[in-house]
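Architecture at a glance
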Amino acid sequence: QTYDTLGLRDSAVHYIRRSIELGQEYGVITHLTDAYRHLATIYFELGRADSAYRYTQLGFALNDTLYQRELADATAASAARLSLSEKNRRIAEQSLAIAREKNVRNRLLFIALGLLLLLVCLFQYVLQRNRLRRRELALEVDKREAEAAQLRELDSLKTRFFTNISHELRTPLTLITSPLEEAIGRLKQINLKPDLELAHRNSQNLLTLVNEILDLGKLEAGQLAKNEVAFTPEPTLRRFLYAFESLADLRGVSLAYTGSFAPEERLETDLQKLEKIVNNLVSNALKFSPAGETVTLTAVREKDELVIAVTDQGPGVAPQEQERIFDRYYQSADNAPHQTGTGIGLNLARRLARYLGGDLYLNSTVGKGSTFILRLPVAVSTVAEAPALDPAPAPRDSLRSSGLADASPAAAPEDSIAHVWQATSGQARLLVVEDNLEMAAYLERHLGPYYSVTTAPSGTAALAVLSRETFDLISSDVMMPGMDGFELRERINEREEWRDIPFLLLTARNLEEDVLRGFRLGIDDYVTKPFRLPEYQARINSLLRNRAVRIENQPKETEMAPEDNLVQRAEALVKQRLADAGFTVEEMARELGYGQRQLSRLLSATTGLTPVKFILELRLQKAREMLESGAYATVAEVRYTIGIESASYFSRKFTERFGRNPREFCGG
């Protein structure tokens, strides 16, 4: 182009053609269209039209080629772009699908995690709820167990209360009914006063016990009225205390009063309720005071309060027991050896004190004694003193001015063993173990003319007496302080020289388990309170008679000793054949593997009974058991059940054995 501008056309043609050749040689043809066009222009200007035309055609052809090539390239590029776009679209679609799948997976995973979390939360909720439920159930179970334990304890306390009150009621009932029967039987005699006084005194004691129970009921129902009266404290409190003087003398305990009241001083309170409280406290103090000690009543007025302290020198009460002894029916385990009574006295005393606006407390030291402190609000009175109350009845153990020593003895039973015993070995020696002083004195008075009677107030005292003296029969109460009748029998069983002494048990509890327990311990017979004196004497006579026969038939040292289990085997056999009226001694001996004479000798030596009397004894014992149970309407039914056909024979033998006609138990 420069050469063309300079007018050097040949040189321009040469170099253009040379560039065309080089372009064709090296395949660089993109600039050839300009070269062909420039060269055609030069030839056209040089007048060489054919060359100009040829190079123009070559230019057009080259342009067409280049266009086709560009079109192909563009097409290829477009195709490539399309392919890339499709690929990208597919990749995008795949990515989208993957993203969607991932999203679905994530959603499913999230849902799964959510469900899992929900399940975990639900599980935790259920677990926690179950834990709470189990805890609630455990608490409910503990609560119910505690309630059940409280109910069991209350039931035990109530059972003990009713057992004790049964004992408390039966003893005075015995001392009412039996003296009255004796008095009726001796109407022609002059000296009936002691028996009638004894019956009257125990009717008063029984009334006092019943009134205590009624007072508790009235307190709970809010029906107990107050009756405040004026009284002079010094003589009144002395009268309350020294009403127990006879009982204190019998127990070997002294009474002491200390007061600081002016002679003209008068106070106002409910005197009847005050007397009940003081009576309970003094009676309780005497119960726990050993012989030789002193029960002291101290009284002072502190401003508007009357303060009374009753002190004993007994065993004391442990700190953990000092509040509980005021609970109804409760009796301290520490003082179990001393316990008799109902377990309501202290409860009633405190409730009466609080009802009057005061209170009752206990200060006690184990081993040194107890002091009950009563504080009552009182008003200083300016009015005249109310008329004195009737002397308070003595506590249930009291012997106040009984005059028992002056009484005449009851007539001896017709079949009394006393005469037989005196003819062989002198007067029979009886040990009567009884904690109720009136009962002990009553039995001693009525048995004394026929037997040599020694009394003991407890099982422990009885063992001490047994270690010094010998006896032919022991009669013991069941419920006693220190050691009851069952425990006494267990201790007696430990000594071979005591084991064979006939043992008669007096019980206020007519319970089958007590009876069975007694017989298992070797008790020979028992009498249920209230009892009639003839029945009691008949039982004594029967046991003494059996003992006399047993001693008389004691085998010589050279003779064969009886088999240890003979009595048990014989008893089992008789009970098995009890209803068989034709059961004979011959059959009994044959089934036991003995000859009649040998069986008679061995049974007599071990039981004091011949085989005939042994069979009769078991039949009569069974008859009494059936009659007392009330399971049979007539005596005839009982008689046939035990294998005795003769009504007169059964009635006579039953009355001889138990001191009561069988018809007394039922109407037939």
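Note that the structure is predicted; figures quoted are calculated from it, not measured. (Residues numbered from 1 in each chain as written. Predicted model: local features only at pLDDT ≥ 70, side-chain atom pairs only at ≥ 80, totals over all residues. Heavy atoms only, no water.)

1. What to know about the overall build of the protein chain
- On a plain count of helices and strands, the protein chain comes out with 22 helices and 13 strands.
- Scored against the burial criterion, the 668 residues of the protein chain give a buried share of 43%.
- Within the protein chain, counting contacts between residues at least 6 apart in sequence, those at least 24 apart form 69% of the total.
- By element, 54% of the accessible surface of the protein chain is carried by carbon and sulfur atoms, the whole surface being about 35600 Å². (Helix = DSSP H or I, 4+ residues; strand = E, 2+ residues; numbered from the N terminus. Buried < 20%, exposed > 50% of the residue type's maximum accessible area, 1.4 Å probe, protein only. Contact = heavy atoms within 4.5 Å. Areas by Shrake-Rupley, 256 points an atom, 1.4 Å probe, with all protein chains shown as cover.)

2. Remarks on the pairing of strand 10 (residues 452–456)
- Summarising the sheet, strand 9 (residues 429–433) and strand 10 pair through 5 bridges and their orientation is parallel. Note on strand 10: the bridge partner recorded for valine 432 is threonine 455.
- A crossover links strand 9 with its parallel partner strand 10, the connecting element being helix 11 (residues 437–447), and its sense is right-handed. (Pairing = 2+ DSSP bridges. Right-handed = clockwise from strand over helix to strand, strands pointing away.)

3. Description of the environment of glutamate 628
- Residue position: glutamate 628 is located in helix 20 (residues 611–629).
- Residues glutamate 628 and proline 662, 34 residues apart in the sequence, show an inter-C-alpha distance of 9.8 Å.

4. Section: helix 17 (residues 566–576)
- All buried positions along helix 17 are accounted for by Leu566, Ala570, Leu573 and Val574. The arc that holds the buried residues of helix 17, viewed along the axis, is 95°, so those residues lie on one side. In helix 17, the exposed positions that point more than 90 degrees away from the buried face belong to Gln568, Lys575 and Gln576.
- On the buried face of helix 17, the contacting elements are helix 18 (585–592), helix 19 (596–607) and helix 20. (Arc of directions from axis to C-beta.)

5. Some points on unusual backbone geometry
- The phi torsion at lysine 303 lies on the positive side, around 55°, for a residue other than glycine.
- Turning to its location among the elements, lysine 303 is positioned in the loop between strand 4 (294–302) and strand 5 (305–311).
- Classification of lysine 303 as exposed rests on a relative accessible area of 75%.

6. Some words on the confidence of the model for the protein chain
- Residue-level pLDDT values for the protein chain average 76, and 74% of them are 70 or greater.
- Low pLDDT, under 50, characterises residues 335–339; the stretch is placed with 15 contacts to residues that sit more than four places away or in other chains.
- Taken as a whole, residues 557–564 scores under 50 in pLDDT and shows 9 contacts with residues more than four places along the chain or in a different chain. (pLDDT = per-residue confidence, 0-100.)

7. A closer look at the sheet that holds strand 8 (residues 379–380)
- Spatially, 3 strands are ordered 1-3-8 in an open sheet, and the strand pairing comes out antiparallel. Because the sheet does not close on itself, it has two edges, and the strands there are strand 1 (228–231) and strand 8.
- Pairing of strand 1 with strand 3 (residues 267–270) involves 4 bridges; the strand directions are antiparallel. Counterpart to glutamate 228 in the pairing with strand 3 is aspartate 270.
- Sitting on the sheet, helix 8 (residues 271–288) touches strand 1 and strand 3, and the angle it makes with strand 3 is about 75°. (Axes fitted to C-alpha atoms, helices over the stretch in contact; angles between N-to-C directions.)

8. Some remarks on the packing of aromatic side chains
- By the definition in use, this model includes 2 aromatic pairs.
- Seen from their ring centres, phenylalanine 326 and phenylalanine 372 are 6.1 Å apart, and the 85° between their planes marks the pair as edge-to-face. On the criterion of sequence distance, the pair formed by phenylalanine 326 in the loop between strand 5 and helix 9 (345–355) and phenylalanine 372 in strand 7 (residues 369–377) is long-range, its members being 46 residues apart. Accessibility assignment for this pair places phenylalanine 326 and phenylalanine 372 in one class, buried. (Phe/Tyr/Trp six-rings, centres within 6.5 Å; stacked < 30°, edge-to-face > 60°.)

9. A short note on the pattern of salt bridges
- Taken as a whole and assessed by the stated rule, the structure comprises 24 salt bridges.
- A salt bridge links arginine 324 to aspartate 327, with the shortest nitrogen-to-oxygen separation between them at 3.8 Å.
- On the basis of relative accessible area, aspartate 327 is assigned to the partly exposed category, the value being 34%.
- Among the ionic pairs, arginine 354 bridges to aspartate 359, the shortest N-O distance being 2.9 Å.
- One salt-bridge network, held together by shared partners, links Asp525, Glu535, Arg539, Glu617, Arg624 and Arg657. (Salt bridge = Lys/Arg side-chain N within 4 Å of Asp/Glu carboxyl O.)

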